[in-house]
Amino acid sequence: MRKFLIFFAFLIFGVSASYKADALHISPFMVVFDKNNSATITLNNRGNQAKVVTFEWNRRYYTSDDVVDILPEGQTSPGYNPADPYIQFSPRRAILKPKQAQIIRLIVKRPADMAPGEYRSHFTIITDDLVEEKVDAQANAGGVSGLVSVNVSTGIPVFIRQGETQAIADIQSANVVATPQGPGLDVRMSYNGTRSLYTDLYIECDGDATQKENYVGSMRLYVERESPQRTFAIRKLDISQCSNPQLNVMGVRDLEWGGKLFKQVPINMGTF
């Protein structure tokens, strides 16, 4: 293991972003262990119903067909390394009353021979309603309280980055295509990075690079996702009069590429 001084208590990208499972507010929406070995996740019950919250790990990865799948315990997939074997967390279970918060602490244990690269697992948060069940006193003197579960779950990605990692990609094509819902922008890339990178895509028209109305969508570039492809709806964007349209891929929530132009390529307008 390469040992580092802890430069940050933890890395949180997108401070204002969070997941919401029912009335449970979860922040941050992703955790990155880079040179740090500790982090926290905050759960906040904003509803009026008490919650029982439990946690487990989930290994989500992209297959060779660019489809998200779940990796069963004990199995491996090329390019994907799970993070959960190296992470301890507490508590394992929590009961949150209405308007109550809970902090989950995560600690990374890096072995001395940990190979360089990126490791990723999803921290899955399972939420059940804690409901008091009324029982007929004649059938059971004094009554009984029970747990009625309404299963809701969500997961946040947790990354461990060991040693030096890089984000390396090429845009193979960016073509305007016809879809049943109207014109779409088909984007195909090749990714050879050793760490994941989240990106936002914008259409640059006449030098206007990243205005909100030119936002196309987001693309997540994972290490094992060698040929990412996605078609975005652009029917609300009128680019037919745009001269020399460009696709700008902006890095987000990344120390190196966050808020910066990662890649740019001309857009092929096709017949539109």
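Here the structure is a predicted model, which is why all the values come from computation and not from measurement. (Residues numbered from 1 in each chain as written. Predicted model: local features only at pLDDT ≥ 70, side-chain atom pairs only at ≥ 80, totals over all residues. Heavy atoms only, no water.)

## A closer look at the packing of aromatic side chains
Rule in force here: Only Phe, Tyr and Trp rings are paired, with Trp represented by its six-membered ring, and only when their centres lie within 6.5 Å; those with planes under 30 degrees apart are stacked, over 60 edge-to-face, the remainder tilted. Each helix corresponds to a stretch of at least 4 residues labelled H or I by DSSP, and each strand to a stretch of at least 2 residues labelled E; elements are numbered beginning at the N terminus. Any Lys NZ or Arg CZ that is within 6 Å of a ring centre and within 35 degrees of that ring's normal is treated as a charge sitting over the ring.
Taken as a whole and judged by the stated rule, the model has 13 aromatic pairs. On the basis of an interplanar angle of 65° and a centroid distance of 5.2 Å, the ring pair of tryptophan 57 and phenylalanine 123 is categorised as edge-to-face. You can see tryptophan 57 sitting in strand β5 (residues 51-58) and its partner phenylalanine 123 sitting in strand β11 (residues 117-129), a full 66 residues away along the chain. Here the guanidinium or amino end of arginine 92 rests over the ring plane of phenylalanine 89, the centre of that ring lying 4.0 Å away. Over the face of the ring belonging to phenylalanine 159 we find arginine 161, whose NZ or CZ atom lies 5.6 Å from the ring centre.

## Observations concerning the side chain of arginine 110
For clarity, the cut-off: Partly exposed describes any residue whose relative accessible area lies between the buried limit of under 20% and the exposed limit of over 50%, with all areas from a 1.4 Å probe on protein chains only and scaled to the type maximum. His is not counted here, nor are the chain ends, while Lys and Arg score as positive and Asp and Glu score as negative. The salt bridge criterion pairs a side-chain nitrogen of Lys or Arg with a carboxyl oxygen of Asp or Glu, the two atoms within 4 Å. Side-chain atoms alone can form a polar contact between residues adjacent in sequence; in general such a contact is a pair of N or O atoms within 3.5 Å, and within protein one must be able to donate a hydrogen while the other accepts it.
In this fold, arginine 110 is placed in the loop between β10 (101-108) and β11. Among buried charged residues, arginine 110 stands out as having no salt bridge; its nearest opposite-charge side chain is aspartate 34, 6.2 Å away. From its side chain, arginine 110 meets the backbone oxygen of aspartate 34 in a polar contact 2.8 Å long. Side-chain polar atoms of arginine 110 contact the backbone oxygen of asparagine 36, separated by 3.1 Å.

## Here we look at the confidence of the model for the protein chain
Note the following rule: Confidence scores per residue from the predictor, reported as pLDDT, run from 0 to 100. The contact definition used throughout considers only heavy atoms, calling two residues in contact when any of these lie within 4.5 Å.
For the protein chain, the mean per-residue pLDDT works out to 83, and 80% of the residues sit at or above 70. Overall, residues 1-21 carries pLDDT values under 50, and its contacts beyond four positions in sequence, including any with other chains, amount to 55 contacts. Note on residues 137-146: pLDDT under 50 across the span, and 10 contacts to partners over four residues away in sequence or across chains.

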